[in-house]
Amino acid sequence: MYRRDLITAEIQKLAQVLARIMGLKLEGKLAEANQLFEETMKGGFQLSKEILENEDLSVFENWLIEGNLPPEKLDSLSEFLYYELGVSQDRNQNIAPKLNLVYQYLSDQHKIVHLVNLHRQKTIQQYIS
């Protein structure tokens, strides 16, 4: 029970950070939003910039498998990655396949499928193709 409470508190903090990042983007403070995004990836998910930006999808897939993050954190990660789409064409082509892997991992390994995620998977196909 204690572990579940810790995860819930951490997810709430991550949601607040995501809201802050989105607010910074709306204010046009893109550099600050990007810095906060990178810090959150590293600190909140142990996902380095090098892994996230690596064009070799297997590097991200290995991180995903070895990271063994709980499904709640993976779902939170998917939110962060989803809201990174639309920044630029290059960013879309880099993030979309990784986001798709997260959704697939949640489905295959944790048997978690959300209707929102299913809709988002269809949406991100436009960035993958």
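Relevant structure appears above.
Residues numbered from 1 in each chain as written. Predicted model: local features only at pLDDT ≥ 70, side-chain atom pairs only at ≥ 80, totals over all residues. Heavy atoms only, no water.

### Remarks on the packing of helix 4 (residues 57-67) against helix 6 (residues 89-110)
Here comes step 1: Packing of helix 4 against helix 6 leaves a shortest axis separation of 10 Å and a crossing angle of 35 degrees. Crossing of helix 4 against helix 6: the hand is right-handed. When helix 4 is examined against helix 6, the residues L57, F60, E61, L64 and I65 are found in contact with a partner set consisting of P97, K98, L101, V102 and Y105.
Here comes step 2: Across the contact of helix 4 with helix 6, the residue classes break down as eight nonpolar, no polar and two charged. (Axes fitted to C-alpha atoms, helices over the stretch in contact; angles between N-to-C directions. Helix = DSSP H or I, 4+ residues; strand = E, 2+ residues; numbered from the N terminus. Left-handed = near helix turned anticlockwise from the far one by under 90°. Contact = heavy atoms within 4.5 Å. Nonpolar A, V, L, I, M, F, W, Y, C, P; charged D, E, K, R; others polar.)

### Looking at the side chain of N92
Here comes step 1: Locating N92 in the fold gives a position in helix 6.
Here comes step 2: When residues no more than four places from it in sequence are discounted, the contact partners of N92 are E84, L85, G86, V87, P97 and Y127.

### Describing the packing of helix 2 (residues 30-45) against helix 5 (residues 71-82)
Here comes step 1: Direction vectors running N to C along helix 2 and helix 5 enclose 170 degrees, while the axes themselves pass 12 Å from each other. Comparing the axis directions of helix 2 and helix 5 gives the class roughly antiparallel. Of the residues in helix 5, those in contact with F37, T40, M41, G44 and F45 of helix 2 are K73, S76, L77, F80 and L81.
Here comes step 2: Partitioning the contact of helix 2 with helix 5 into residue classes produces six nonpolar, three polar and one charged. (Parallel < 35°, antiparallel > 145°, perpendicular 65-115°, else oblique.)

### With respect to the packing of aromatic side chains
Here comes step 1: Applying the stated criterion across every chain, the model contains three aromatic pairs.
Here comes step 2: Judged by centre distance (5.3 Å) and plane angle (35 degrees), the rings of F60 and W63 are tilted. Placement of both F60 and W63 in helix 4 is noted, with a separation of three residues, approximately one turn of the helix. Each member of the pair, F60 together with W63, is buried. (Phe/Tyr/Trp six-rings, centres within 6.5 Å; stacked < 30°, edge-to-face > 60°. Buried < 20%, exposed > 50% of the residue type's maximum accessible area, 1.4 Å probe, protein only.)

### A word on helix 5
Here comes step 1: The first and last C-alpha atoms of helix 5 sit 16 Å apart over 12 residues, in line with the 16 Å expected at 1.5 Å per residue.
Here comes step 2: Regarding helix 5, the residues found buried are K73, L74, S76, L77, S78, F80 and L81. (Expected span 1.5 Å × (residues − 1).)

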